[in-house]
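Observations on chain architecture
So the chains spell out like this:
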Amino acid sequence: MYEKITPEEAGISSLAVKEYIEGLNRHNLAMHAVLMMKGDKIFSESYWEPFHKDYCHRMYSVTKSFVSMGIGCLVDEGKLKLDDRVHEFFKDRYTRELPKYLEEQTVRDMLLMTTCGSSGSWFSSDDPDRTHFYFENNKADHPSGTYWSYDSAGSQVLCSLVERLAGMPLLEYLKQKLFDKMGTFETAEVLKAPNGDSWGDSALICTARDLASAGLLMMRGGEWNGEQLISREYVEEACSALVDNREGAHLTSFHEGYGYQIWRAEEDSFAFNGMGCQLLICVPKKEFIFVCNADNQGNTSAKDIITMPLFDLVVRPMADGALEADPEGVKALEEYNSTLKLRTLNGLSDSPLREQINGVRFIAKENDMGIKSFTFFFDGDKGELRYTNEQGDKVLPFGINHNVFGKFPELGYADEYGRVKTTNGFMYKDAVSASFSDDNKILIYVQIIDRYFGNASLQFNFKGDTCAARFTKTAEHFLDKYKGIMIAEKE
């Protein structure tokens, strides 16, 4: 559905776009996709292999902004008012007498994330109904509407509200009201909470082009091909800086105000913003749309590294009209994009350590990860970590300074239903690389690239016959057995 033009036709140099993409790689970010549009035309599209334009990517908290779109549609239908008290719609989903502040909380308060308190983490709860959990456990320790505080659980309740009033799942409702008319989100899905509600604060899965179409709809005030799909009044409010979302004196990316589950950023722009650097940024005055997919969980600087150069190199220099054609610049950008591959470790490719530990079994002392023993095997530029843990014998293949793609060998991780444990042999797809840091250290980098994203760093440090290993992980409710310290001795 999208026409493609050159960056110059969009008012920006191809070489400036190339410089921007090069910078993302130079900072070793785990990038998956970057798409740039001028109005409804794509002028740059970059995918890091194995990702591609038809790949349906987990969008994490970008999903919250789609819940807001659903709320807007309900308001347009007259099924909901923003000043309605939320608990009134869920009297069958809680049993306790609600605290005063929670009882007074409105839909608008929840859209703005100026809610009355926290209900805690549902990941550590046995309650399969997240709406029930919210109302039963919310501390409600301050009046709603007072200050902004990120409330993911509140967004899930809003999703449940959409589904209750619409009488259908969130994505089905949005397709009926919006996306079927736009011809987008045909392959999209939303994962589910344990009770079957859509996982509305975290689990939309769609393509980068799908996400761009949602940005285009919102940037056009809810209008598509001459039809007003969501009221302009709601869209303009939703994308405005309605509350101050700074949590301290320091200004960082996306803390220039907050609307209805939508963030504000530089150059009077608005954004959908998700964990790991799932981003949709719209700059109306430039008719510019930017989409990013990645998994930079654990890298606290990543969003600034992505957004700050974007505004400096692409957004601010963008001219109102077309630039002079630059066929060589276009070719250089296209050739560079064709080389993009998923991030891998780039350390030493060899070390005396390889021969010292190849095939040698190490017996682990008792540790939090439950690992009993491990052995490294090397074959050219590839290797395997074979280990035994509480689930049994495991094999983790890896490439030396390149990724080996396979399945992460741990069982019991959720699939379609979040937080639900599975034992039927299901495993997440992964990409695993390794490198030698010096003469006594090898580091393995695991990237989970499935409906769920996450990463783990497995560092093995050897001294004589002893190995001190340190595992760290950044992932939402999985890889928990891959963090901690382990001491092991040569058998």
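Summary of the structure given here. (Residues numbered from 1 in each chain as written. Predicted model: local features only at pLDDT ≥ 70, side-chain atom pairs only at ≥ 80, totals over all residues. Heavy atoms only, no water.)

Remarks on the environment of Ala456
Our working definition: Numbered from the N terminus, helices here are DSSP runs of H or I no shorter than four residues, and strands are runs of E no shorter than two. Whether two residues touch is decided by their heavy atoms; if any such pair falls within 4.5 Å, the residues are in contact.
Along the polypeptide, Ala456 turns up in strand E20 (residues 453-463). Note: C-alpha distance between Ala456 and Ser68 (388 residues apart in sequence) is 33 Å. Aside from chain neighbours lying at most four places away, what touches Ala456 is Ile444, Tyr445, Val446, Thr472, Lys473 and Leu479.

A few points about the packing of helix H3 (residues 62-77) against helix H8 (residues 170-182)
To keep things clear, this is the line we draw: Structural elements are reduced to axes, namely lines fitted to C-alpha atoms, with helices fitted over the stretch in contact, and the angle between N-to-C directions of any two is expressed from 0 to 180 degrees. Orientation is classified from the angle alone, with under 35 degrees giving roughly parallel, over 145 giving roughly antiparallel, 65 to 115 giving roughly perpendicular, and any other angle giving oblique. When the near helix sits turned anticlockwise from the far one by under a right angle, the crossing is termed left-handed; a clockwise turn instead gives a right-handed crossing. Three residue categories are used. Nonpolar comprises Ala, Val, Leu, Ile, Met, Phe, Trp, Tyr, Cys and Pro, charged comprises Asp, Glu, Lys and Arg, and polar comprises the others, including Gly.
Packing of H3 against H8 brings their axes to within 10 Å, and their N-to-C directions diverge by 60°. Judged by the inter-axis angle, H3 sits oblique to H8. Between H3 and H8 lies a crossing of left-handed hand. For the pair H3 and H8, the contacting residues are Phe66, Val67, Met69, Gly70, Cys73, Leu74 and Glu77 in the first and Leu170, Tyr173, Leu174, Lys177, Leu178 and Phe179 in the second. For the contact of H3 with H8, the per-class residue count stands at 10 nonpolar, 1 polar and 2 charged.

Details of helix H11 (residues 302-315)
For clarity, the threshold we go by: Helix span is expected to be 1.5 Å times the residue number reduced by one. Exposure is judged per residue with a 1.4 Å probe applied to protein chains only, and the accessible area is read against the type maximum: over 50% gives exposed, under 20% gives buried, and values in between give partly exposed.
Over its 14 residues, H11 extends 19 Å from the first C-alpha to the last, a length consistent with the 20 Å expected when each residue adds 1.5 Å. Of the residues making up H11, those classed as buried are Ala302, Ile305, Ile306, Thr307, Leu310, Phe311, Val314 and Val315. Among the structural elements, helix H2 (14-26), strand E2 (31-38), strand E10 (269-274), strand E11 (278-283) and strand E12 (288-294) are those in contact with the buried residues of H11.

Digging into the pattern of salt bridges
Two side chains carrying opposite charge are able to pair once their charged atoms lie near each other. The following threshold applies: Whenever Lys or Arg places a side-chain nitrogen within 4 Å of a carboxyl oxygen from Asp or Glu, that contact is recorded as a salt bridge.
Tallying each qualifying case throughout the model produces 34 salt bridges. Residue Glu88 pairs with Lys91 through a salt bridge whose shortest N-O separation is 3.1 Å. Look at Glu88 and you get partly exposed, because its relative accessible area is 43%. Residue Arg264 pairs with Asp268 through a salt bridge whose shortest N-O separation is 2.3 Å. By relative accessible area, Asp268 is classed as exposed at 53%.

Here we look at the packing of aromatic side chains
Applicable threshold: Aromatic contacts are taken between Phe, Tyr and Trp rings whose centres are within 6.5 Å, Trp giving its six-membered ring; a plane angle under 30 degrees counts as stacked, one over 60 as edge-to-face, and the others as tilted.
With the rule as written, the count across this model stands at 39 aromatic pairs. With centroids separated by 3.9 Å and ring planes inclined at 20°, the aromatic side chains of Phe179 and Phe185 adopt a geometry described as stacked. Across the pair, exposure class does not vary: Phe179 and Phe185 are buried alike. Where Phe376 meets Phe460, the ring centres are 4.9 Å apart and the plane angle is 85°; that geometry is what we call edge-to-face. Of the two residues, Phe376 is situated in strand E14 (residues 373-379) and Phe460 in strand E20; the sequence distance between them amounts to 84 residues.

Some details on the sheet that holds strand E9 (residues 263-265)
So the rule is basically this: Strand pairing is assigned whenever DSSP detects at least two bridges linking the two strands.
Strands sit in the order E1-E3-E2-E12-E11-E10-E9 across an open sheet of 7 strands; the sheet is mixed. Of all the strands in the sheet, the pair left with one neighbour each is strand E1 (3-4) and E9. Running over the sheet, H3 touches E10 and E11 and is turned about 120° from E10.

Quick notes on the environment of Asp438
The condition that has to hold: As used in this structure description, the phrase polar contact means that two N or O atoms lie within 3.5 Å; if the pair is within protein, one of them must be able to donate a hydrogen and the other to accept it, and residues adjacent in sequence are counted only when both atoms belong to side chains.
With respect to the helices, strands and loops of the structure, Asp438 is situated in strand E18 (residues 429-438). Sequence spacing of Asp438 and Asp201 is 237 residues, and the spatial spacing of their C-alpha atoms is 42 Å. Among the polar contacts made by the side chain of Asp438, one reaches the main-chain amide nitrogen of Lys441 at a distance of 3.2 Å.

Structural notes on the side chain of Asn455
If you trace the backbone, Asn455 turns up in strand E20. Reaching out from Asn455, the side chain makes a polar contact with the backbone oxygen of Gln297 at a distance of 3.1 Å.

Comments concerning the state of the cysteines
The condition is simple: By definition, disulfides here are pairs of cysteine sulfur atoms that lie within 2.5 Å.
Under the definition given, this model contains 0 disulfides. No disulfide involves Cys277; its sulfur sits 5.8 Å from the nearest other cysteine sulfur, which is in Cys292.

Overview of the side chain of Ser144
Mapped onto the elements, Ser144 comes out in the loop between helix H6 (130-137) and helix H7 (152-166). A polar contact of 2.9 Å, which involves the side chain of Ser144, links it to the side chain of Asp109. Setting aside residues no more than four positions away along its own chain, Ser144 makes contact with Tyr101, Glu104, Gln105, Asp109, Thr114, Thr115 and Cys116.

Section: the nonpolar core
Let me state the cut-off plainly: What is meant by a nonpolar core is a set of buried Ala, Val, Leu, Ile, Met, Phe, Trp, Tyr and Cys residues, joined one to another through side-chain atoms within 4.5 Å.
Among the nonpolar cores identified, the biggest contains 113 residues, and Phe66 and Met69 are the most heavily contacted of them. In terms of residues, this core owes the most to one element, helix H9 (residues 208-219), which gives 8 residues. Listed in part, the 53 residues of the second largest apolar core include Ala203, Val360, Met369 and Tyr428.

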